[in-house]
Amino acid sequence: MSDLVLGLLVLGVCLFAGVLAYNRWQERSAQRAVERAFGAAPADTLAQEPVHARREPTLAPQQARPDPRVDYVIELQGARAPLHEPWVPIEQRFGRRALLAEGAGGWQAALQLVSRAGPVSEAELIEFRSEVENLASKIGATVRAPEMRAAMDSARELDRLCADSDIQVALHVVGENLSPELGEQPFQVVRREDGVTLVLDVALTPDLGRSYEAMARAGRDLAAAHGGRLVDDRGNALDERALAAIGAQLEAVRQTLAARGIETGSPLASRLFS
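Conventions adopted
- Residues numbered from 1 in each chain as written.
- Predicted model: local features only at pLDDT ≥ 70, side-chain atom pairs only at ≥ 80, totals over all residues.
- Heavy atoms only, no water.
- Helix = DSSP H or I, 4+ residues; strand = E, 2+ residues; numbered from the N terminus.
- Buried < 20%, exposed > 50% of the residue type's maximum accessible area, 1.4 Å probe, protein only.
- Contact = heavy atoms within 4.5 Å.
- Areas by Shrake-Rupley, 256 points an atom, 1.4 Å probe, with all protein chains shown as cover.
- Axes fitted to C-alpha atoms, helices over the stretch in contact; angles between N-to-C directions.
- Parallel < 35°, antiparallel > 145°, perpendicular 65-115°, else oblique.
- Left-handed = near helix turned anticlockwise from the far one by under 90°.
- Polar contact = N/O pair within 3.5 Å; in protein donor to acceptor, adjacent residues only side chain to side chain.
- Pairing = 2+ DSSP bridges.

Caption draft 1: Expanded view of the overall build of the chain. Within the chain, the secondary structure is distributed over 7 helices and 11 strands. The buried share among the 274 residues of the chain stands at 41%. Within the chain, contacts between residues at least 6 apart in sequence are counted, and of these 73% link residues at least 24 apart. Summed over all atoms, the accessible surface of the chain reaches about 14700 Å², with 52% contributed by carbon and sulfur.

Caption draft 2: Quick peek at the packing of helix H3 (residues 122-139) against helix H4 (residues 148-165). Following both chains from N to C, one finds H3 and H4 inclined at 135°, their axes separated by 11 Å at the closest point. As far as their axial angle goes, H4 and H3 are oblique. The two elements H3 and H4 meet at a crossing, and its hand is right-handed. Residue-level inspection shows Glu122, Leu125, Ile126 and Arg129 of H3 in contact with H4, the latter providing Met148, Arg149, Ala151 and Met152.

Caption draft 3: Fine view of the side chain of His172. Mapped onto the elements, His172 comes out in strand S8 (residues 168-174). Residue class for His172 comes out buried when judged on its relative accessible area of 8%. One polar contact links His172 to Arg192, side chain to side chain, over a distance of 2.8 Å. For His172, the contacting residues outside a window of four places in its chain are Arg192, Val196, Thr197, Arg229, Leu230, Val231, Asp232 and Asp233.

Caption draft 4: Expanded view of the pairing of strand S4 (residues 106-112). Among the 7 residues of S4, 7 are classified as buried, and the element is accordingly described as predominantly covered. Pairing geometry for strand S2 (residues 71-77) and S4, over 7 bridges, is antiparallel. In the sheet register, Gln77 faces S4, and the bridge partner there is Gly106. As judged from the 6 bridges shared by strand S3 (residues 98-103) and S4, these two strands associate in the antiparallel manner. Residue pairing in the sheet places Leu100 in a bridge with Ala109 of S4. Linkage of S3 to S4, two consecutive antiparallel strands, is achieved through a turn of 2 residues, within which Gly105 is found at a positive phi near 75°.

Okay, structure coming up:
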């Protein structure tokens, strides 16, 4: 195969990965706009039923601890009264984005700065800080809080990183009489009229490299066993070189997140991409 053909093939795969990221970014932006206008979106009743549910490597939000990488953390020290009861209204107002945890010599009250809905607004952050300061005055605690402008800048930067990393990879196995029995897998299997689709949610997948390899291998095996074809969203065949190029793109995303201390599939990633 000539160098020109090889180059065109690699370029095509890179464009494919780029389209995945761009489409996901558009979907995320549209979802944010809807949620800001109408509140959280309802479940999609027309979504295809998964053959096997994906394992979600999550830590329940109420068990999470404040983390300055993703939270605005206010320190409360010297409290002369219990915090839990006066904390309830704040938790009700901000939901699972608000965290309260006992720290060294005091307490930490935190607000998550970024989620899939986007970064926290400046008004929300001001309100949260004001509510915590009011709480502190009621219990006789001193307050130490980060500078809000720097926190907002950090939130916007983190949100851009998350938007660029919020990707789903789909491999389609097209063929007749496909009845996959794949057992428990780190990816989702969704039926389609002419076969099945294997879907990997990149940010929420632990051990991303191995999980993608498992999905690619399952796709190849399914296609081979049933005389089907492994294709991308446009129906183009995916061979070993194309699958390897996609894997390289995913590794680059993983490394970008890891550089900020966010491992894919970790409790921290589950908070950010929820």
